[in-house]
Amino acid sequence: MTHRLLTLRTPEAAANEVERHFPAEVRFLEETVRRASTGDPAGAREYVRHWRRLAHGLLALLHEQRPELVLREPDGRLVIVDVKGDHVETTLDRLLAVAAVAPYSGWVTRAGVGRGLALRLLAEIREEVPGSVPLVPKAGLCPHWVSGEALKTAVRLIERALGEEAENDQPPAGSAALLRRAMELFELDRTELAALFGVRRQAVEQWERRGVPAERRGKLATTVAVGELLQRRLRPGLLPGVARRTAPAYQGLTMLEMIRRDRHDELLENVRRSFDWATTA
């Protein structure tokens, strides 16, 4: 039987299900992101920890109910299995990369801060797990922040906290697979990929052997998240051309130029909003 977390169709019911299993984490997400919005770095760091705990908890719960969809690797990592039967590499890293853009989500507009953040995370998981019912928020302004500046403050501190956390980790073996995935999605050679990260081709070759450095992992995970979202929504074969086409939404830049200029988080949210708008308009 497919877990209700993957199949409940109304956002309210889905949020209730997350809150039923993880009430403390939903509450702490709201408390800590609001602290971050006031300029509290400790609040941002705690937000990242609670986001990680909720992500791991959701994956663990799905593993118990549907072990064929969420596998536990020999090293203990939980990974989603995609529709082709392949493992979604560095599943938790990908979910963590969404933490910084989640406060901008339309789910926060619709469901409030804590429940909205939880829905944003669940929506990301549903996009990866085969057979899930998609969760798509309606476009709209978010009334839950004191000001746009408060929201920007929260996001900036969360991004910093994610960077600090990454610096304390060793490069995961799956990061090399994530690198290859980025090259595959956007049809990049090593020289082109190196340009996106402001390094030489030799650095990319070293990353493939030893893993991606901590300070680069967040950008890499976000880049892959952009590519996979586009791949799911566009006709086969269109993604590489679309990513190389200039667009007014990006001030005349291409998507790849946005990534090269370290505007990858902004790009992810813009791409997601554009598809959300197309779905709900």
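Just above sits the structure.
This section reports on the structure supplied with the text. Residues take numbers from 1 onward in each chain, read along the sequence in its written order. The predicted origin of the model limits local features to residues at a pLDDT of at least 70 and limits the giving and counting of side-chain atom pairs to 80 or more, whereas totals for whole chains, interfaces and linings rest on all residues. Derived side-chain values reflect all non-hydrogen atoms in the structure, with water molecules and hydrogen atoms excluded from consideration.

1. Observations concerning the overall build of the protein chain
Alright, step 1. Helix and strand assignments come from DSSP, with helices taken as H or I runs of at least 4 residues and strands as E runs of at least 2, each series counted from the N terminus. Assigned secondary structure in the protein chain consists of 15 helices and 2 strands.
Alright, step 2. Exposure categories follow from relative accessible area, calculated using a 1.4 Å probe and restricted to protein chains: below 20% of the type maximum is buried, above 50% is exposed, and the middle band is partly exposed. The buried share of the protein chain, reckoned over its 281 residues, is 52%.
Alright, step 3. Contacts: residue pairs with any heavy atoms within 4.5 Å of one another. Summarising the internal contacts of the protein chain: among those between residues at least 6 apart in sequence, 66% fall at separations of at least 24.
Alright, step 4. All accessibility values rest on the Shrake-Rupley procedure with a 1.4 Å probe; residue burial counts only the protein chains present in the view. Accessible area for the protein chain stands at about 13300 Å²; split by element, carbon and sulfur atoms hold 50% of it.

2. Examining the pattern of salt bridges
Pairing between side chains of opposite charge can happen when their charged atoms approach one another.
Alright, step 1. Here, a salt bridge means any Lys or Arg side-chain nitrogen found within 4 Å of an Asp or Glu carboxyl oxygen. Tallied over the full model, the rule gives 17 salt bridges.
Alright, step 2. We note a salt bridge from Glu 12 to Arg 110, for which the minimum N-O separation is 3.5 Å. Placement of the pair is Glu 12 in helix 2 (residues 11-21) and Arg 110 in helix 6 (residues 106-111), with a sequence separation of 98 residues.
Alright, step 3. According to the relative accessible area criterion, Glu 12 is partly exposed, its value standing at 41%.
Alright, step 4. A salt bridge links Arg 20 to Glu 17, with the nearest nitrogen and oxygen atoms 2.9 Å apart. Here Arg 20 and its partner Glu 17 are both found in helix 2, 3 residues apart, which amounts to about one turn of the helix.
Alright, step 5. Judged by its relative accessible area of 56%, Arg 20 is exposed.
Alright, step 6. Exposure remark for Glu 17: the relative accessible area of 4% places this residue in the buried category.
Alright, step 7. If you follow the salt bridges from partner to partner, you end up with Arg 4, Glu 17 and Arg 20 in one network.

3. Topic: the packing of helix 3 (residues 23-37) against helix 4 (residues 41-65)
Alright, step 1. A fitted line through C-alpha atoms serves as each axis, taken over the contacting stretch for helices, and the angle formed by two N-to-C directions is quoted from 0 to 180°. Where helix 3 contacts helix 4, the two axes come as close as 8 Å, and the packing angle between them is 155°. On the basis of their axis angle, the class for helix 3 and helix 4 is roughly antiparallel. The crossing of helix 3 and helix 4 is left-handed. On helix 4, the residues touching Glu 25, Phe 28, Leu 29, Thr 32, Val 33, Arg 35 and Ala 36 of helix 3 are Ala 42, Gly 43, Ala 44, Glu 46, Tyr 47, His 50, Trp 51, Arg 53 and Leu 54.
Alright, step 2. Residues are sorted three ways: Asp, Glu, Lys and Arg are charged, Ala, Val, Leu, Ile, Met, Phe, Trp, Tyr, Cys and Pro are nonpolar, and all the rest, Gly among them, are polar. Residues of the contact of helix 3 with helix 4, tallied by class, amount to 9 nonpolar, 3 polar and 4 charged. Every angle not falling under 35 degrees, over 145, or within 65 to 115 is termed oblique; those three ranges are roughly parallel, roughly antiparallel and roughly perpendicular. Each crossing gets its hand from how the near helix is turned against the far one by less than a right angle, where anticlockwise is left-handed and clockwise is right-handed.

4. Re the packing of aromatic side chains
Two descriptors summarise a pair of aromatic rings, namely the distance from one centre to the other and the angle between the planes of the rings.
Alright, step 1. Whether two aromatic rings pair depends on their centres lying within 6.5 Å, for rings of Phe, Tyr and Trp, where Trp uses its six-membered ring; planes under 30 degrees apart make the pair stacked, over 60 edge-to-face, and the rest tilted. This structure, assessed with the given rule, holds 2 aromatic pairs.
Alright, step 2. On the basis of an interplanar angle of 40° and a centroid distance of 6.1 Å, the ring pair of Tyr 47 and Trp 51 is categorised as tilted. Here Tyr 47 and its partner Trp 51 are both found in helix 4, 4 residues apart, which amounts to about one turn of the helix. For the pair formed by Tyr 47 and Trp 51, the shared burial category is buried.

5. Concerning the environment of Val 81
Alright, step 1. Tracing the chain through its elements places Val 81 in the loop between strand 2 (78-80) and helix 5 (91-97).
Alright, step 2. When its relative accessible area of 9% is taken as the criterion, Val 81 is described as buried.
Alright, step 3. Separated by 10 residues in the primary sequence, Val 81 and Leu 71 place their C-alpha atoms 7.1 Å from one another.

6. Let's talk about the nonpolar core
Alright, step 1. Counting residues in hydrophobic clusters, the biggest one holds 85 residues, and the most contacted among them are Val 18, Tyr 47, Trp 51, Leu 117 and Leu 193.
Alright, step 2. At 11 residues, helix 4 tops the list of elements feeding residues into this core.
Alright, step 3. Once you skip the residues sitting within four places of it in the chain, Tyr 47 turns out to touch Leu 29, Thr 32, Val 33, Ala 99, Ala 102, Pro 103, Leu 117 and Ile 158. Here, nonpolar core means buried Ala, Val, Leu, Ile, Met, Phe, Trp, Tyr and Cys residues that are tied together by side-chain atoms lying within 4.5 Å of each other.

7. Re helix 3
Alright, step 1. Taking 1.5 Å of rise per residue, the 15 residues of helix 3 would be expected to cover 21 Å, and the 22 Å separating its terminal C-alpha atoms lies within 8% of that figure.
Alright, step 2. Following helix 3 by one or two positions, Gly 39 has its phi on the positive side, about 95°. The span one expects for a helix is its residue count, reduced by one, times 1.5 Å.

8. Considerations on helix 2
Alright, step 1. Along helix 2, the residues classified as buried are Pro 11, Ala 14, Ala 15, Glu 17 and Val 18. Relative to the axis of helix 2, the buried residues are bounded by an arc of 155° and lie together on one face.
Alright, step 2. Contacts from the buried residues of helix 2 go to helix 1 (4-7), helix 3, helix 4, helix 6 and helix 7 (113-128). This arc is built from the directions going out from the helix axis to the C-beta atoms.

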